Structure formats: structure tokens, C-alpha cells
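Residue-level structural notes
As a plain string of letters, each chain reads:
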Amino acid sequence: MSCHATGAGAGAGATATVERRTGTPFVALVGNPNVGKSTLFNALTGAHQRVGNWPGKTVSVAQGDWRTAGGGRPLRVADLPGSYSLLPDSPDEALVRDVLTAPAGERPDAVVFALDAANPARNLYLLSQILDTDIPVVVALTMNDVAARRGAPPAPDALARELALPVVRVEGRTGAGLDLLADAVGEALDAAAPRPGRTFAWAAGSPVAAELAELAAAASGRTPHPARWLAVSLLCGEQPPAVPAELAERAGAAADRLAAAASAAEEGTTDADADAGTGTDTDTDTDTDAELLVAEARYAWAHAVIERAAPRPAGARPTLTDRVDRLLLSRGFGIPFFLAVMWGVFQATTVLAKPLQDGLGDFVSGPVSGGADRLLEAARAPGWLTGLLVDGLINGVGQLLTFVPLMIIMFLLLALLEDSGYFARAAFVADRLMRTLRLPGRAFLPLVVGFGCNVPALAGTRILNRRSHRMLVGLLIPYMSCTARLAVYVMIAGVFFGSNSGTVVFFLYVASVLLVVGMGLILRPLLFRDMKEEPLVLELPPYRLPTLRVTGAQVWQKLAAFLRTAGGIIVATAAGVWLLMAIPAAAGHGGFGKVDVEQSVFGTVTRATAPLVAPAGFGDWHATAALGTGLIAKEGVISTLAQTYSAEEDGDPKLTASLHATFEESSGGHQRAAALAFLVFILAYTPCFATLAAQRAEIGTRLTVIGFGIQLTAAWLLAVGVFQIARLVW
């Protein structure tokens, strides 16, 4: 395995900086993906955490306050992205490298390294690199229950003796061991004052160790980077910033010497085998570079440590995870099971959320709106102010509240699937499907995230190494049905399809996946003809029972993010639409706030655009008005429909009756076909302006504009096709 990679997004960029508080030590939580690191972070910080882009980067990082027990010192913790190496192959890994190798005053004061007790040798490769940064390290041994089921887990004392580092067994899901971890980190911080952390011990007498010692001595004090890490990085072919040319040339010469010596040794072995009659006729590539020698040395050390600290018992039996995976990852059962699970999620969402939505809607439209109306009337407020507050702001808040049960249930079910370990299997099952687009199976992960929200899904494309892969997936993500669309699906499907609404919603999600595949097959040969395939490398975490604490924290974080992002949009959209509906389009139709909606500026503009969608069966200004505000944010579609019909919320009988009447007239008696076409249009056209902004940041302005045009065109063509076919049935 090479220790060097050349991912397009992993180049050296601006040095990452740490947001510090005076006197507050900074601790970085580092580890491979799927080792329980984020679960540990949630246990350490609780509700005292924030998620945002790292300073100077576009990578999102969770940071929080670790309030240690017993009145201990407060610590600032960052949950750095999961990484396999400090020689980066993705923007996430580049961030981890930049944070840990920043100038001395900006690096973390300590590192808590999450080590998977079930797969320790694989994790130790990254730990060996971190040891070269001179940062004090405390090892947090995670996934201990899984390791125990697989055989003899590594004992903390034995592992600490082999690593010469403090090792603490922790359980982030229950909080076990967190106090001991805090004590170990405190001791490491105190001991770090007079001396740096220990470095990785290369095998004595090895050529690599000798060359690295000379390079580290030459690099010491000449750059802001840790000398030992810089020496290894240069030897592996990396080019960190602010490195003198003479030092880079010296490293290149050292790498050439190591490669020549290794090749000569291999040739000698081959000649000896030939003399003994054990040679083969196949051509053997004997070129061995320095980066491979470094990687082999690290892995040899890792396996030696585990052999001494936790020898694997002979005849280990297959685990429950192994047995379940034989079924869920099989060719015949994997995809049907995934589709069945997702159907169950959406069916449960529509069934469980509806009564809660109705109850909240009734509360806002009844006591809240009525009480506000009476208070304003008693205060002799002008009519326009009453309309703005009651019909605009309160109605918008009411719409926001009706989304909350839907979002909670959806986030809860998806969090349970994720925490159980199943979602990682979905990427494996989908690998063959992704191969049809010449995309790796891991491309399915940001697409799945798109079911929640397209904006973080676009940020998730950074896990893809090739630029062409990131560009194509960035164009496809807007076709994934986000939770904002789900609210519209549930409302429209409930009005027109009744008890079959759950099946209709499931059909839309299946159509979303098919649309992604179809658009990928069209766009790849047009825009990315030189795209190459890449093998799938994916961590499959063990199956686990989700815990209430972790799942609840995840649901709350996602719900809070939804409310922060969508709340202001929904309320602002409702107020803005009311304002446009309050302004008459021409004289003689009433004054401000006293004009019929159809004769307002809003009604005039949307009525002019209605003929464009007449072939799809919903060529009415109410529908085009909702589509217009839906371009700002899909959360505004329902509130716009309610306002244009002067209804309070989506459960209002007036809104239901008005929608039936409108679609019946615009479709020529085929209202169900028109409703289905309307939902398909909602599925296919641009999710929101926030998605466009995220696209521009990830794939550039040119592709974003191209994608926007394709989305509108595809939405119109699909809606027209669905209506023209469905009206033959309905």
C-alpha cells in the first residue's frame, strides 16, 4: 500500500487555524472513519457543541466544550473528519493534516486518538503518523463490545506498554471511562509543557530511519511544520508549503537512494531464487519507491504491536455481523431489502406525522390566529398590519410548526438506520448501480445524505477523490428528494391520494433514485467523457443497537439545523408573498391590503406564467405561484398555497377543497394525474437557492448554471409526460 496519494482536492492549501480561547487547552479528536469517534465527541460535549466550516476551509467540523467532571479544567474539542492518513487523498484528510501540522502555536495542545479495539492494527497506521507531529497523544479505546464478541480485545495496559502512550477504554454510548480519559488528557497537557509528545520509533538500523534522521535534523527550525513529519512527508513525495527548495531536493535524493537500495535487494533475491531453480517466467516490477518502504514499515510496526498486546485467538468464529452481512449484502436480497426499509420509513413518516401536523395546524389557525386577531382589533390596528401579522407571519410560523413532527420522525428513523450500521451497507449494495455511471460505491453516501438535505450532501462530495466524480455527483444531488420536498409530497398526496399517500411518496423516492441514474447516464458522456472507474474502499461498522442518548442528540442537531435554515425562509417567504398579494397590480382593484389576490402583483405575475405548465395539467396561477416560491425554498410551497387560497394551513378543509377544484379545472377532469405531475415537477426542479449556492461552491459557476437549466427542462418534460400518460388511467 502506498503512503502517498494525489487526490485532486487534497493539495496543500492555507494553513488551518484553531479558534482559541485564552487559557483553554485545545484537544483534537482524531481517528479513522467509523470507529465511534463522533459518538465519543457527543458524549464529551453533550449540548455544548457547534458545527461549522473550519476557519479558511470549506470542510465542516464539529467543535464543543468538554466540561470534565469534578471541577476539572474546561477543554475545547474539535471532532476532526475521519481520516486514514496524514498524506491526504481528499479535502477532509487535507484538513486533518493541516490542523495537526500547523505552526507550533496553532496546533492542538493534545490529540485524543479513537482506536477501534475490533480493528486496532488498521488504525495504528494513522497513529504512527500522528506521533511524528510532536503533539501529545492519548488513545481512547472504542468499540470494545464488538472486540469482545470477536475474541480477546486488546488490554489497555498491554497496549499502553507497547505504544508508550496512555490508553483508556471508553464507551461513548454509555459514558463509561470518560472520567479516566479526562484525567489522562490532563496529565498529557501538564507533561507537554516542558517536552513534546513522543515520536514514532522506526526500526533501529533501517535505511529509512537513517535517511529520516538526517532530513529531520536538516528541517528542524527551517519551517513552521514539525521536523519529523516534514521529513517523512517530503520523503513520500509530498510538497508542503513554505519548504526551502534545497530541502525538497535533498529529500528527493534520499528517496532515490532508498528506492535504488530496495530495488537492488529485490533483484538480489530474484537472482538467488533463479540460481536455486525457483524463479518464474513472469516479468516482475522491481522498482520500489520510498513511500512504499515507509508504508510497509508503519504496517509492520502496527501488526507487531497488536501481536504482542492482543494476539488473535485461533479458530475465531464468525460474528453476528458477519452472518447478517451474508444475507443483507447478497446480490439477490440486498437491494430489495434496502427498498423495503426505505418504503417502511416513508410509510411510517406519513402515517405517524399526519395527526400531529393536523393538531399543530388547528392550534395555530384556531387559538393563536384568533387570539392575535382579537388583540389587534382591540388595539385598533390598521387592516394592513393585521393582515401582515396574522395572514403573513403567524401563518408562516404555523407552517413551520407543522413541519416539525414530520422532520422529527424522519430524522429519528434515519438516525436509527445510521447508528445501527446499516447505511454503510447501502453504499456497498449500491456499488454495482454506481458502476453504471462509472462512479465508486462511496458516491452513494452523499446521495443518501441528499435524502435529508441537498446542501450538506453537496459538501459530502469531498469524500470522492477524483474531481470528475465530485462534479458529476454534484450535478446529480439536486435530484435526490430532500426532507423539504417531503413536506410537500405528504400534503399533496394526502389531499389527492388519501390512504395511498404513503405509497405515492415511496414512488417519488424511487423515482428520485431512477432520475439520478438516468441523468447520470445522460450527463456522463456529455460532460465527463474521460471519467475513470475507481475501486470501492469502504468501512463497514458492526451492527449495533442505537442508544437513546446518541440518537436523540443526532435528531435534535438535525432538527435545530432545519429550523435555523428553514425557519427564517418560511416566515420570510410567507411575509413576502403576503406583501406582493397586498399590492394591487393596477388602479381600480382596491388599495394596499384590500385587493383580491388574483388582481395583486403576485397573482398577475403567476397568472402570466401559468400557460407554460398547462400541458402538465396544473396550468393555474395558484400552482405556478407555489412553484415560484418553491424555487426560494420548498418549505414555502405549502404556505404559498395556503395564502393564495386564504387558508390557514395544510389541514384546512378550505385548502383541500380549493386544491381539488383547481386541479379538476386545470386538468380537464384528471385531477389525480395533474397532482402526480405536480409532485414530479417538485421532485425534479431546483430544490432551493441554498442548494444553488452550495453547488456553486463545490462545482463552480459554469456547471451550476448548466445544472439549473437542465433541472427546469427535465422537470417540465417529466411532468408533461407523467400527466399525459396518467390521465389515460385517472
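Residues numbered from 1 in each chain as written. Predicted model: local features only at pLDDT ≥ 70, side-chain atom pairs only at ≥ 80, totals over all residues. Heavy atoms only, no water.

**Quick look at the environment of Arg-470**
Tracing the backbone through its elements, the reader meets Arg-470 in helix 18 (residues 467–476). In sequence terms Arg-470 and Leu-458 are 12 residues apart; their C-alpha atoms lie 8.8 Å from each other. (Helix = DSSP H or I, 4+ residues; strand = E, 2+ residues; numbered from the N terminus.)

**Concerning the packing of helix 19 (residues 483–497) against helix 20 (residues 501–527)**
With their axes 8 Å apart at the nearest point, helix 19 and helix 20 run at an angle of 135° to one another. Here helix 19 is positioned oblique relative to helix 20, judged by the angle of their axes. The way helix 19 lies across helix 20 gives a crossing that is right-handed. Residues Leu-486, Tyr-489, Val-490, Ala-493, Gly-494 and Phe-497 of helix 19 form the contact with helix 20, whose own contacting residues are Ser-501, Val-504, Val-505, Leu-508 and Tyr-509. (Axes fitted to C-alpha atoms, helices over the stretch in contact; angles between N-to-C directions. Parallel < 35°, antiparallel > 145°, perpendicular 65-115°, else oblique. Left-handed = near helix turned anticlockwise from the far one by under 90°. Contact = heavy atoms within 4.5 Å.)

**So, the pairing of strand 1 (residues 26–31)**
Across the six residues of strand 1, six count as buried, placing the element largely inside the fold. Both faces of strand 1 are covered, namely the face carrying Phe-26, Ala-28 and Val-30 and the face carrying Val-27, Leu-29 and Gly-31. Alignment of strand 1 against strand 4 (residues 74–79), held across four bridges, turns out to be parallel. By the bridge assignment for strand 4, Leu-29 is matched with Asp-79. (Buried < 20%, exposed > 50% of the residue type's maximum accessible area, 1.4 Å probe, protein only. Pairing = 2+ DSSP bridges.)

**Description of the packing of aromatic side chains**
Applying the stated criterion across every chain yields a total of nine aromatic pairs. Between Phe-618 and Phe-681, the ring centres sit 6.1 Å apart and the planes meet at 75°, which makes this aromatic pair edge-to-face. Here Phe-618, found in the loop between helix 22 (601–609) and helix 23 (621–632), pairs with Phe-681, found in helix 26 (residues 671–684); they are 63 residues apart in sequence, far enough to count as distant. With respect to burial, Phe-618 and Phe-681 carry one shared label: buried. Ring pairing ties together the aromatic residues Phe-496, Phe-618, Phe-663, Phe-678, Phe-681 and Tyr-685, which thus form one cluster. Stacked on the ring of Tyr-543, the Lys or Arg Arg-425 has its end atom at 4.2 Å from the ring centre. (Phe/Tyr/Trp six-rings, centres within 6.5 Å; stacked < 30°, edge-to-face > 60°. Lys NZ or Arg CZ within 6 Å of the ring centre and 35° of its normal.)

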